[in-house]
Amino acid sequence: LALAQGIMAQGAHAQGAPGVTRFTIKVENISKGEVLKLSNGKTAPFVSAPVLWAVHTGSANPIFVAGQADAGKGLETLAETGNPAPLARSLDGAPGIVAAGADDRPVGTDAGGPLTPGQGYQLEVTAAPGQTLSLAWMFGQSNDLFYSNDRPIALFDATGKPVAGDMTLRLALW
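Below is a short write-up of the structure. For clarity, every value in this text was computed on a predicted model and none was experimentally measured.

1. Focus: the layout of surface pockets
Here is step 1 of the chain: Counted as a void, the largest pocket has a volume near 360 Å³.
Here is step 2 of the chain: For the largest pocket, the lining is made up of 22 residues, of which Pro62, Ile63, Phe64, Val65 and Ala71 are closest to its centre.
Here is step 3 of the chain: For the lining of the largest pocket, the leading source of residues is helix α2 (residues 85-91), giving 3 residues.
Here is step 4 of the chain: Its residues assigned to classes, the lining of the largest pocket shows 16 nonpolar, 4 polar and 2 charged.

2. Topic: the pattern of salt bridges
Here is step 1 of the chain: By the definition in use, this model includes 1 salt bridge.
Here is step 2 of the chain: Here Arg22 and Glu124 are joined by a salt bridge, their closest N and O atoms 3.4 Å apart. Of this pair, Arg22 sits in strand β2 (residues 21-29) while Glu124 sits in strand β7 (residues 120-127); the two residues are 102 residues apart in sequence, bridging distant segments of the chain.
Here is step 3 of the chain: For Glu124, a relative accessible area of 48% puts it in the partly exposed group.

3. What to know about the pairing of strand β5 (residues 51-56)
Here is step 1 of the chain: Buried residues dominate β5, accounting for 6 of its 6 residues.
Here is step 2 of the chain: Both faces of β5 are covered, namely the face carrying Val51, Trp53 and Val55 and the face carrying Leu52, Ala54 and His56.
Here is step 3 of the chain: Relative to strand β6 (residues 97-103), β5 runs antiparallel, the two being bridged by 6 bridges. Its bridge partner being in β6, His56 is matched across the sheet by Ile97.
Here is step 4 of the chain: Direction of pairing for β5 relative to strand β8 (residues 132-138): antiparallel, over a ladder of 5 bridges. What sits directly across from Ala54, in β8, is Ser134.

Reading guide: rules and limits
Each chain carries its own residue numbering, running from 1 in the direction its sequence is written. For a predicted model such as this one, the threshold for reporting local features is a pLDDT of at least 70, and the threshold for listing and counting side-chain atom pairs is 80 or more; totals across whole chains, interfaces and linings nevertheless cover every residue. Heavy atoms throughout the structure, all of them, feed into the side-chain values; hydrogens and water do not. In this analysis a 1.4 Å probe is tested at points of a 1 Å grid over the protein atoms alone, and where it fits but cannot get out there is a cavity; an open set with protein on both sides within 12 Å along at least five of seven lines is a pocket; lining residues have an atom within 4 Å of a point. Grid points are joined across faces, edges and corners, and a volume is the space filled by probe spheres set on the points. Helix numbering and strand numbering both begin at the N terminus, where a helix is a DSSP run of H or I of at least 4 residues and a strand a DSSP run of E of at least 2. Just so you know the grouping, Ala, Val, Leu, Ile, Met, Phe, Trp, Tyr, Cys and Pro go in nonpolar, Asp, Glu, Lys and Arg go in charged, and all remaining residues, Gly too, go in polar. Any carboxyl oxygen of Asp or Glu within 4 Å of a side-chain nitrogen of Lys or Arg constitutes a salt bridge here. Burial classes: relative accessible area under 20% of the type maximum marks a residue as buried, over 50% as exposed, and values in between as partly exposed (1.4 Å probe, protein chains only). A pair of strands is labelled paired if DSSP reports no fewer than 2 bridges between them.

Here it is in structure tokens:
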């Protein structure tokens, strides 16, 4: 499986609070043209639904646990319709959640919508050492598939230094 998504984390120290860092997260649709072969023989471009994100503590992804049934907090809605709002609401204020939200506005546009080839979402989160990131979004041409990371993405290395770089290989299609 070649992921048609890319995620980059860029750390920049936030002013004021020691150890708190602002991260710019980019989720990009790096596909080109009509890459999907449909069952009717036609082709279509790859699109991606809005992205849910959560900054949290702990070693488990709060969005889902691989091999376990959906907890009924909105992941099924995200995977079937692309709408991350119910899951974002259920995560907001949950134990271990520092912040949660969703981004649905492709960079350079005024309205929310899916990512078409060449577009990306860009969001900013703040985190402190020991906090991690989990993401999820619907695979656009499905009725039950989503991208996510089964283990939280570390935003800091073992020394407390913010990490940056391409995190695409931390994601999988579920």
